[in-house]
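Geometric and topological summary
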Amino acid sequence: MKIISLTFLIAMLAIFANGNEFPICAGIGNQGAPDVAFVGNEYIVVYDSLGDIWAARVDLQGNVLERFFIHTPDLPDWRDTLPAVATDGERWFVVWTARGGLAEEERFLGIWGAIYEGSTVIVEPFMIQIGASCFPAISCNGNIFLITGTVSTISIPQRSYLRGRLYNRDGNPLFSDILIDQAGGTYEEEDGYIGFPAITSDGERFIVVYPWCQWIFGEHTLHAIKFKFVTPDGIVVDGGTVFAEYTSEPTVPPMYPPELIPKLYTIPPDIAFSGINYFCSHHVLENYLVLPFDGFYNVLGAVINQAGEILLNEIPIAVVEDISEFASGVMAEHENFFVVWQDFRAGNFNIYGRHYSQDGNSILDEIVITEAARDQTLPSVAFDDLNILVVWQDFRNSNWDIWGNLLHKGWTDDPLALAYNGNRHLVRKPRSGELHLVYTDHDKVIYRYSSNGGTDWTLPEIIGGCRVISV
Ligand SMILES: [Ca+2]
Ligand SMILES: [Ca+2]
Ligand SMILES: [Ca+2]
């Protein structure tokens, strides 16, 4: 009996350890590079499946409603990959890049986009005209979309450009190309390179954050994480530098073979706006002397105000020595921020998260998002005004799939505790274990239901907006 009980206990622990993890797409072969946005009343998850772009609609209880195909590359043996998605609240705009060639001569072939409402296509896939070929990023200020990407020239010195363009919700480009920044100087020994950018908006202006490096007069390389602003008129406004480190080697990608290009440049930082400040999360090498080979990484953060001043820098988000932590994503959760990252502490990659105040102070404990077997990598995160959906690519089944975990804030997850605390109401249906709970949170009325006396609860659901409630 004891053995049976112990087996049962272990099985139960495994279930709880997985929390609310669920597969979003576990198709044959590899699915990867997911991005997620909260659109209207559902989440849209975009991803690369076998080199095609797909999307999944996920409801607020974590049910996958639908998966649908968006685009396959025009050229044989090329892949459509690295999708990014943004929304104006109704429509969602997905961008991606076409990538091809053998590993040692990988090339990018421009940036593509398409616009949807729900699963209805509004604008069929089309070329995005920004004069950039790789690392697409997109954000919306509520009205118009900024799309950015980078391109590098085969020249002496090597130059790299971060370009962008504003688009309206019908897929029409506004104004002309915007040159946001460039790397690479005038002289032969001034090679430069710009890596994968990220964008967000304060509802009017956009802020773009990106890795930047340049080999300076043959003496040293400056590696930096920089940011600039773009106005809705397409004007670039100076920003600042949240990180800078020198190395004495000519360590400017892509002079290396692609497999040696550091994750510094091929995996983006991220940035979010809380209504007051921006929070930028990014990864850096623990030791820059290891370039051009990959060393270990740390995740750092910075709080930037709307004037572009860095209020707090080098926030140590995940900084364990000789352990790689990188690929962070950040989103605003009302006045706070939530950062997720991939982490090798267990000997394979898992995903963790942590909350920060708008002042950059860590609040609450670290949250385990997934500790499943094998690797979970490249997390992306969205907030639906109540819950958080984290998505990632997942190798637990020995091929890459897309998985998610729907978190309820992370700190008020005990419904019964909620019910006994403040403006909250709990009702039990007579002669049953059925509980109905309503409470308010940021002027929204939240509802949860339990069929078994409070052991299991539905995920919180917004049912209205007011301050005084009853049930
Ligand atoms: Ca580390
Ligand atoms: Ca793992
Ligand atoms: Ca798969």
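Reading the values: rules and limits
Residues numbered from 1 in each chain as written. Chains lettered and ligands numbered in written order. Predicted model: local features only at pLDDT ≥ 70, side-chain atom pairs only at ≥ 80, totals over all residues. Helix = DSSP H or I, 4+ residues; strand = E, 2+ residues; numbered from the N terminus. Buried ≥ 20, exposed ≤ 12 C-beta atoms within 10 Å, placed from the backbone. Contact = placed C-beta atoms within 7 Å. Pairing = 2+ DSSP bridges. Axes fitted to C-alpha atoms, helices over the stretch in contact; angles between N-to-C directions. Core = buried A, V, L, I, M, F, W, Y, C linked by C-beta atoms within 7 Å. pLDDT = per-residue confidence, 0-100.

1. Some details on the overall build of the protein chain
Across its full length, the protein chain carries 3 helices and 33 strands. Split into buried and exposed, the 471 residues of the protein chain put 44% on the buried side. The contacts of the protein chain with a sequence gap of at least 6 include a subset with a gap of at least 24, amounting to 52%.

2. Notes on the sheet that holds strand β3 (residues 42-49)
Judged by pairing direction, the sheet is antiparallel, and its 4 strands sit side by side in the order β2-β3-β4-β5 without closing on themselves. Each end of this open sheet is capped by a strand with a single partner; those strands are β2 (31-39) and β5 (64-71). For this sheet, the mean inter-axis angle between neighbouring strands, taken without regard to orientation, is 20°. Note that β2 and β3 share 7 bridges and pair antiparallel.

3. Considering the environment of Asp-385
When you line up the elements, Asp-385 lands in the loop between β27 (376-383) and β28 (388-394). Separated by 347 residues in the primary sequence, Asp-385 and Phe-38 have C-alpha atoms spaced 9.1 Å apart. What Asp-385 contacts, discounting residues up to four positions off in sequence, is Lys-444 and Ile-462.

4. Digging into unusual backbone geometry
For the peptide bond that leads from Ile-156 to Pro-157, omega is -5°, which places it in the cis range. In this structure, Arg-374 takes a positive phi of about 60° despite not being glycine. Structurally, Arg-374 is set in the loop between β26 (362-370) and β27. Residues other than glycine seldom take positive phi values, yet Asp-385 does so here, at roughly 85°. In this structure Asp-385 comes out as exposed when scored by C-beta crowding, with 12 C-beta atoms within 10 Å.

5. Brief notes about the sheet that holds β26
Read across the open sheet, the 4 strands follow the order β23-β24-β25-β26; overall the sheet is antiparallel. Sheet topology places β23 (325-333) and β26 at the edges, where each strand pairs with a single neighbour. Mean inter-strand twist for the sheet, computed between neighbouring axes without regard to direction, equals 20°. Across 7 bridges, β23 lies against strand β24 (residues 336-343) in antiparallel orientation. Among the inter-strand pairings, Val-330 is bridged to a residue of β24, identified as Val-339.

6. Some points on the nonpolar core
With 116 residues, the main nonpolar core has Ile-44, Val-45, Val-94, Val-95, Ile-138 and Val-390 as its most contacted residues. At 8 residues, the largest contribution of residues to this core is made by strand β16 (residues 206-216). Non-local contacts of Val-390, meaning those with residues more than four positions away in its chain, are made with Val-340, Ile-351, Gly-353, Ile-369, Pro-379, Val-381, Gly-404, Asn-405 and Leu-407. The next biggest cluster of nonpolar side chains, apart from the first, holds 5 residues, and it includes Leu-435, Leu-437, Tyr-439 and Ile-446.

7. Some points on the pairing of β26
Judged from the 5 bridges that link them, strand β25 (residues 350-356) and β26 form a sheet pairing that is antiparallel. By the bridge assignment for β26, Ile-351 is matched with Thr-370. In this structure, the hairpin formed by β25 and β26 is closed by a connection of 5 residues, where Gly-360 is found at a positive phi of approximately 90°.

8. A short note on the confidence of the model for the protein chain
On average, the protein chain scores 89 in pLDDT, and the residues at 70 or more come to 89%. Segment residues 1-18: pLDDT under 50, and 1 contact once partners within four positions in sequence are set aside and those in other chains are kept.

9. Examining the environment of Ser-451
Relative to the helices and strands, Ser-451 resides in the loop between β32 (444-450) and β33 (461-464). Given 14 C-beta atoms within 10 Å, Ser-451 falls into the partly exposed group. Put simply, Ser-451 and Arg-428 are 23 residues apart on the chain and 9.8 Å apart in space, counted from C-alpha to C-alpha. With residues up to four places along the chain from it excluded, the contact list for Ser-451 reads Gly-433 and Glu-434.

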